[in-house]
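# Observations on chain architecture
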Amino acid sequence: MINHFNCFKTTIIRPRVISIDSIDSTNRKTKELLVQGESEGLIVTARTQTAGRGRKDRSWYSPIGGLYFSIALKPRIGPEQAPLLGLLSACAVARGIRSLGVENVRLKWPNDVLVQQHKIAGILSESIQVDDNHLRIVVGIGVNQNCPVSEMSEHLRWPTTSIIDELGKETSIEALLCSIVNEMDELLQAVENDSSYAVVLEEWRRVSSTLGTRVRIYEDEKTTDGIAKDIGEDGSLIVETDEGLMKVVSGDVAHLGGME
Ligand code: BTN
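Note that this is a predicted model, so its numbers are computed, not measured.

Take the nonpolar core next. Core analysis: the largest hydrophobic core is formed by 59 residues, its most contacted members being Ile97, Val143 and Ile180. Per element, the largest residue contribution to this core is 11 residues, and it comes from helix 2 (residues 82–99). When residues are assigned to domains, this core turns out to be shared by domain 1 (2–206) and domain 2 (213–259), each giving three or more. Not counting residues up to four positions away in its chain, the partners in contact with Ile97 are Val102, Val105, Val113, Ile120, Ala121, Val143, Ile163 and Leu176. Within the second largest apolar cluster, 11 residues are counted, among which are Leu33, Leu42, Ala46 and Val138.

Attention now goes to the state of the cysteines. Applying the stated criterion to the full structure yields 1 disulfide. Between the sulfur atoms of Cys7 and its disulfide mate Cys178 the distance is 1.9 Å. Measuring the twist about the S-S bond at about 50 degrees, one finds the Cys7-Cys178 disulfide to be right-handed. Of this pair, Cys7 sits in the loop between strand 1 (2–3) and strand 2 (16–23) while Cys178 is found in helix 4 (residues 173–194), placing the two residues 171 residues apart along the sequence. Cys91 forms no disulfide, and the closest cysteine sulfur to it belongs to Cys178, at a distance of 20 Å. Assessed through its relative accessible area of 2%, Cys91 is described here as buried. We note that Cys147 lacks a disulfide partner, and the nearest cysteine sulfur, in Cys178, lies 19 Å from it.

So, how was this worked out
Residues numbered from 1 in each chain as written. Predicted model: local features only at pLDDT ≥ 70, side-chain atom pairs only at ≥ 80, totals over all residues. Heavy atoms only, no water. Core = buried A, V, L, I, M, F, W, Y, C linked by side-chain atoms within 4.5 Å. Buried < 20%, exposed > 50% of the residue type's maximum accessible area, 1.4 Å probe, protein only. Helix = DSSP H or I, 4+ residues; strand = E, 2+ residues; numbered from the N terminus. Domains from an automatic or database assignment. Contact = heavy atoms within 4.5 Å. Disulfide = S-S within 2.5 Å.

Rendered as structure tokens:
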């Protein structure tokens, strides 16, 4: 079941890939294997998921043709790393998609990947306590790769695109997986060298389509409008509202358009 891909060029992550044809959710399977003793670098990939999960307990439609994988990582630097590793992963996914020739790839807080305000990839980053002393992060990545939006439309809740729609041709799922993991590794090297996520935060700010935009924040039952000003050191979104600056840690954000 373990596959040895020869396109990984990593120095920190030691990738071990388990490829499955069909599974409920690669995030769930990765967490199960971590609890059984697996460690950083475990990657579970599936051709299709029957119960793929997104943020806020939403489902993630996962037809054959998409890239669906989860990777186990160790937290680095502070204890609460799931949000920052989510931002790091979003930067890596954007780099990977861009390397295939897709243009105008931008990030939406917290970690959606967009092309012209259409979602092309999503990331679900979760923490899991594997024993009394060890926390692990599972980063689950779904990319609309070789599945045209015209074949997914009845399952979609927001404007969506795919790599095949952007490029007009199929691309290699294995190559994109390797490229994203290689980019994650490069960013993790920078984080370890600097003992800081500054490099990631800088790149995220540069590629963001959220910052400077009017946004609507959905937190519990409440909605608040404002201008997205920055992201904090902890990965939170800082929004200027009529009541002053608001720090959004886990809410949902809609872009309302209209620049600052
Ligand atoms: C989102 O945009 O809400 C996040 C979507 C994350 C989907 C991926 S697909 C691989 C991994 N397994 C899951 O069940 N979810 C993530």
